[in-house]
Amino acid sequence: MNKLKQVFTKVNKIDTFSPYFFLPFILVLYFFTSLFDFHRFELFNVRVSILPAVLVALICYYIGVYIIDKLQWTIPSFGLSFLGKYIIHIVVLLTIIGLASYLMMIFGGGLGISDESNRRNLDPKLNFFSQLLWYGILLLLSYKMILEKHMTWKKALVYGTIFAVVMFLFLLMGYRTPLIIMLFTGIIIFHYVVKRVKLTWFLTALFVIGVAFSMFGFLRVVTEDTTKEFNNRDQPDVELTETEKEKLLTVEQKVNLTPKWMRSINGESVTGHIVLSKIIEYTQEEGYLKGEIHKGIFNTVLPGEQISPRMKVTEVVNSLSVEEGKYITRPTRTTTPTFIGQLFLDGGYALVAIGFLLYGVLISLIYNKVKQGGIRSFHSVAYAFVITLFTVSMHTGLLDLIFILMLGFVVIASAIIKTEQRKLRY
């Protein structure tokens, strides 16, 4: 018992949210849990290993973090330090724009949680700008918490309640990504400002949060109105031999031996594993898309009909499974490619290496700002947001223009806001 206690004591000394631990740990955990696939790999004929791509991503990320950490570099101010005093005013303005857009969308019947078909057909412009509501509130509340000289549990509860209210507003839209970003950014701020979150506490919370969000996704699917064309679950109409039909039926029976609710616990990571494997397989046969995915991020805001990056990923992965009589993703839905997948689809191992190297560099640059400027600075807010967004993108990919703009703003804001030089303590 004493030895076990000593192990927990050593483990809890790890800074849970440091660049060296948080993102790599979540990435490894994500793909480790995907190995418990309940025969879904067999169902979708997963033939290509994802391990080389994951290892390249991890190694290059650590190289980026290590180099910047040793050099103690930070983000330059770009000669814009004089704008630092206006940052909070800009955040307030963004929040007001977000609130107005959200209210217009809700009063226009935009309750995405009511059905998947509603969520996918929210007014795109209002949906885009409404995201500024949770973003602005998150930055303002986090910064306010950091500036509290005497943070009490009562004050922390008040901040937590406001966070919960805003999260509920976006729960009504049926989106999980803003909820996850808000939740983990808040936890990181809590860790540095209120009370250090020990690794064992974090792992417990991570399990509870993971199951809760998985069940939310599960309920969202099982409550779909299947009478609507958008929610159609028919499989592709293709000719299969009797042997192929029998094999498909047998594998489906194996999958169905595990209850749906149990499969949904790690369903997102299993799907991510399958999609990444299929992306690698696709590039082996068809070649890389050479920037088409990332160009699509900006093309979607242009006039006329455009194919979104995630819809393109759906086309890619389904092209390998349709002839086998099944869809990996229903044609009406989009596919989250994982961040490794989006990079690999456009440029293979080389782009994965460059992308994760830059991830490591940017995260380490901001973390050095925190160490130099002190915990009670806007840099802590920027760091918490950036590392959370990057970590979430391990599953979702970083393919939303609004998230890229949010990332750019918070990085520039951290660069130009002046703070006193203080040592990192928590």
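Conventions adopted
Residues numbered from 1 in each chain as written. Predicted model: local features only at pLDDT ≥ 70, side-chain atom pairs only at ≥ 80, totals over all residues. Heavy atoms only, no water. Core = buried A, V, L, I, M, F, W, Y, C linked by side-chain atoms within 4.5 Å. Buried < 20%, exposed > 50% of the residue type's maximum accessible area, 1.4 Å probe, protein only. Helix = DSSP H or I, 4+ residues; strand = E, 2+ residues; numbered from the N terminus. Patch = residues over 30% accessible without salt bridge, like charges linked within 9 Å, V, L, I, M, F, W, Y side chains within 5 Å. Areas by Shrake-Rupley, 256 points an atom, 1.4 Å probe, with all protein chains shown as cover. Salt bridge = Lys/Arg side-chain N within 4 Å of Asp/Glu carboxyl O. Expected span 1.5 Å × (residues − 1). Arc of directions from axis to C-beta. Contact = heavy atoms within 4.5 Å. pLDDT = per-residue confidence, 0-100. Axes fitted to C-alpha atoms, helices over the stretch in contact; angles between N-to-C directions. Parallel < 35°, antiparallel > 145°, perpendicular 65-115°, else oblique. Left-handed = near helix turned anticlockwise from the far one by under 90°. Nonpolar A, V, L, I, M, F, W, Y, C, P; charged D, E, K, R; others polar. Polar contact = N/O pair within 3.5 Å; in protein donor to acceptor, adjacent residues only side chain to side chain. Phe/Tyr/Trp six-rings, centres within 6.5 Å; stacked < 30°, edge-to-face > 60°. 1 Å grid on protein atoms, 1.4 Å probe; cavity = no way out; pocket = protein on both sides within 12 Å on 5 of 7 lines; lining within 4 Å. Points joined across faces, edges and corners; volume = space filled by probe spheres on them.

Here we look at the nonpolar core
Next up, step 1: Counting residues in hydrophobic clusters, the biggest one holds 122 residues, and the most contacted among them are Trp134, Tyr135, Ile340 and Phe356.
Next up, step 2: In terms of residue count, helix α16 (residues 339-373) provides more of this core than any other element does, 14 residues in total.

Some remarks on a nonpolar patch on the surface
Next up, step 1: A cluster of nonpolar side chains, Tyr20, Leu51, Leu55, Ile59, Tyr62, Ile63, Tyr66, Ile67, Leu71, Trp73 and Leu357, forms an exposed patch at the surface whose accessible area comes to about 1,000 Å².
Next up, step 2: Ranked by residues supplied to the nonpolar patch, first place goes to helix α4 (residues 51-71) with eight residues.
Next up, step 3: Look at Tyr66 and you get partly exposed, because its relative accessible area is 46%.

As for the pattern of salt bridges
Next up, step 1: Using the criterion set out here, one finds seven salt bridges in the structure.
Next up, step 2: The closest approach of N and O atoms between Lys278 and Glu281, which form a salt bridge, is 3.6 Å. Of this pair, Lys278 and Glu281 both sit in helix α13 (residues 267-286), three residues apart, roughly one helical turn. The same class applies to Lys278 as to Glu281, namely buried.
Next up, step 3: Each of Arg47, Lys278 and Glu281 takes part in one network of salt bridges that share partners.

So, helix α8 (residues 153-171)
Next up, step 1: Counted at 1.5 Å a residue, the expected span for α8 with its 19 residues is 27 Å, and the 26 Å between its end C-alpha atoms agrees.
Next up, step 2: Three or more residues of α8 are buried, namely Ala156, Tyr159, Phe163, Val166, Met167 and Phe170. The buried residues of α8 occupy one face: seen down the axis, they fall within an arc of 105°. In this structure, α8 carries Lys154 and Leu157 as exposed residues pointing more than 90 degrees from its buried face.
Next up, step 3: Next to the buried residues of α8 lie α5 (87-107), α7 (124-147) and α9 (177-193).

Considering the environment of Thr336
Next up, step 1: Considering the arrangement of structural elements, one finds Thr336 in the loop between α15 (309-318) and α16.
Next up, step 2: With 60 residues separating them along the chain, Thr336 and Thr396 place their C-alpha atoms 4.8 Å apart.
Next up, step 3: Those residues within four positions of Thr336 in sequence are excluded, and the remaining contacts are Val275, Arg310, His395 and Thr396.

Overview of the confidence of the model for the chain
Next up, step 1: For the chain, the mean per-residue pLDDT works out to 84, and 85% of the residues sit at or above 70.
Next up, step 2: This stretch, residues 420-426, has a pLDDT under 50; its non-local contacts, to residues over four places away or in other chains, come to 19 contacts.

Some words on the packing of α7 against helix α17 (residues 378-396)
Next up, step 1: Packing of α7 against α17 brings their axes to within 9 Å, and their N-to-C directions diverge by 135°. Classified by the interaxial angle, the pair formed by α7 and α17 is oblique. Both α7 and α17 take part in a crossing whose hand is right-handed. Facing Trp134, Tyr135, Leu138, Leu139, Ser142, Tyr143 and Ile146 of α7, the residues of α17 in contact are Phe378, Ser380, Val381 and Phe385.
Next up, step 2: In terms of residue class, the contact of α7 with α17 is built from nine nonpolar, two polar and no charged.

Some details on unusual backbone geometry
Next up, step 1: Phi angles above zero are rare outside glycine, and His39 is one such case at about 75°.
Next up, step 2: Take His39: it is sitting in the loop between α2 (22-33) and α3 (40-43).
Next up, step 3: On the accessibility criterion, His39 (36% relative accessible area) is partly exposed.
Next up, step 4: Positive phi values are uncommon outside glycine, yet Lys290 reaches one of about 55°.
Next up, step 5: Here Lys290 is to be found in the loop between α13 and α14 (292-299).
Next up, step 6: Lys290 gets classed as exposed once you look at its relative accessible area, which sits at 75%.

Section: the side chain of His379
Next up, step 1: You can see His379 is positioned in helix α17.
Next up, step 2: When its relative accessible area of 2% is taken as the criterion, His379 is described as buried.
Next up, step 3: Within the structure, the side chain of His379 is placed 2.9 Å from the side chain of Ser414, a separation counted as a polar contact.

Digging into the environment of Val251
Next up, step 1: On the secondary structure map, Val251 appears in helix α11 (residues 242-256).
Next up, step 2: Judged by relative accessible area, Val251 falls into the buried class, the value being 5%.
Next up, step 3: For Val251 and Phe41, which are 210 residues apart along the polypeptide, the C-alpha to C-alpha distance reads 9.9 Å.
Next up, step 4: Apart from the residues lying within four places of it in its own chain, the contact partners of Val251 are His39, Glu42 and Leu43.

Focus: the packing of aromatic side chains
Next up, step 1: The final tally for this structure, using the stated rule, is 23 aromatic pairs.
Next up, step 2: A ring pair is formed by Tyr135 and Phe385, whose centres lie 5.3 Å apart and whose planes are at 65°; its orientation type is edge-to-face. Note that Tyr135 is positioned in helix α7 and Phe385 in helix α17, a separation of 250 residues in sequence.
Next up, step 3: Residue Tyr135 is classed as buried on the basis of its relative accessible area of 1%.
Next up, step 4: The exposure class assigned to Phe385 is buried, which follows from its relative accessible area of 0%.

Considerations on the side chain of Ser18
Next up, step 1: Within the fold, Ser18 resides in the loop between α1 (2-11) and α2.
Next up, step 2: Leaving out residues up to four positions away in the same chain, Ser18 has contacts with Tyr192, Tyr367, Tyr383 and Ile387.

A few points about empty space enclosed by the protein
Next up, step 1: Considering all chains together, one arrives at one cavity of 30 Å³ or more under this definition.
Next up, step 2: Of the pockets and cavities examined, the largest cavity occupies roughly 30 Å³.
Next up, step 3: Forming the boundary of the largest cavity are Thr177, Leu389, Val392, Ser393, Thr396, Gly397, Leu398, Asp400 and Phe403.
Next up, step 4: Its residues assigned to classes, the lining of the largest cavity comprises four nonpolar, four polar and one charged.

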